[in-house]
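One-letter residues, chain by chain:
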Amino acid sequence: MDISIIIPAYNRLWSLPQTIDSCRNNKCRVEIIVIDDGSSDGTATWLARQNDLVILSQPNSGKCVAVNKAFEIAKGKYIRFLDSDDLISQGANDQQFELAEAGFADIVVSGYQLFEREGQILKVQPWADTDDFIARQLGEGDGSHYSAFLFKKDFITDITHRQEFALRDDRFFILEVALKEPKVAAHKGAALIHRVAHHDRLQISSGVKQHLQNSQHLGLYKNILNKLRTSGKLTPRRINAAINILWPLAHWIAIYDLGEAARLVNWIRALNPEFKAPEPGLLGKCYQKLGFVNTEKLLRLRRKFLLR
């Protein structure tokens, strides 16, 4: 088998058939593994009528458990992880497989398109070449999306989707892959057609869960940067790439926990003592003159005023 496409699904019958159709009609040999994560919308009945799928089912346990279970039985030389409401662009599987084989690649990266549920294309983001794959995935420019990538199975056998980072599992996965310094080949198209404004995405949540997602995001960056530091590979370039993500993250965390956000900003300044808030105009001056905590308190007051 050339490629295994792993698709976890939970109550996505409105999108799953289209997602699976986008994975069919390849020249190379592709197996499509669908894991029904305890759906109650008729997904199991629909899947039972398909004769070209590998079907697994489990009580609702979440994406990480589902994907790891599918990975264990996948027969493909290469793996793609795909959400059940996204699509693969026509010909991308064959093109990326050919690039992987020709270049003996551990990963074949690609760009993506963003589209709405109604089908309107919002953005086309091609992959931009980089000489530091780790920095790119840490936050130096657009790192694309891991569903746009084709992974050599032997290269990622020791990397799982981690339950402790379940709300940001794809980010942690690709960063752990990056730490292994893979040989990368680039597909010049947009392999992934990624849907925005999703309903009930497995990774996206709101309210208290949004705070948990932000906490997990911070935790995974602490984990990865510590590994880079321990191995002597935490360069200034990679630090600044990470800060591109950590600084905005501090603002989101401040909405729920100003103390935790302040500690994050202190860490940012420890990572780069020359760091300055990148915001222009009055907001930038506030951070410079009043400090992070006082500026965030003013922003809280402003939000309360606007919500009245």
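These lines cover the structure that appears in this document, whether it is placed above or below. (Residues numbered from 1 in each chain as written. Predicted model: local features only at pLDDT ≥ 70, side-chain atom pairs only at ≥ 80, totals over all residues. Heavy atoms only, no water.)

Quick look at the packing of aromatic side chains now. By the definition in use, this model includes 15 aromatic pairs. With 5.8 Å between their ring centres and 70 degrees between their planes, Tyr 146 and Phe 173 make a pair best called edge-to-face. Linking Tyr 146 in the loop between α5 (133-138) and β8 (150-152) with Phe 173 in helix α6 (residues 169-179), this pair joins segments that are 27 residues apart in sequence. Each member of the pair, Tyr 146 as well as Phe 173, is classed as buried. Each member of the aromatic cluster is reached from another via a ring pair, and the members are Phe 81, Trp 127, Phe 133, Tyr 146, Phe 149, Phe 151 and Phe 173. Here Arg 136 stacks its cationic end above the ring of Trp 127, 5.3 Å away from the centre of that ring. (Phe/Tyr/Trp six-rings, centres within 6.5 Å; stacked < 30°, edge-to-face > 60°. Helix = DSSP H or I, 4+ residues; strand = E, 2+ residues; numbered from the N terminus. Buried < 20%, exposed > 50% of the residue type's maximum accessible area, 1.4 Å probe, protein only. Lys NZ or Arg CZ within 6 Å of the ring centre and 35° of its normal.)

Burial of strand β6 (residues 107-115) is extensive: nine of the nine residues sit out of reach of the surface. Pairing between β6 and β8: two bridges, direction antiparallel. Looking at β8, one finds that Ile 107 is bridged to Phe 151. Of the strand pairs in this sheet, β6 and strand β9 (residues 184-195) are connected by eight bridges, and their pairing is parallel. Counted as the bridge partner of Phe 115 is Arg 195 from β9. Pairing of β6 with strand β7 (residues 121-125), which is carried by four bridges, proceeds in the antiparallel orientation. Bridging from a neighbouring strand, Tyr 112 pairs with Gln 125 of β7. Between β6 and β7, which pair antiparallel in sequence order, lie five residues; one of them, Gly 119, sits at a positive phi of approximately 105 degrees. (Pairing = 2+ DSSP bridges.)

Looking at where Asn 214 falls in the secondary structure, it is placed in helix α7 (residues 208-230). Apart from residues no more than four positions distant in its own chain, Asn 214 is found in contact with Leu 249, Trp 252 and Ile 253. (Contact = heavy atoms within 4.5 Å.)

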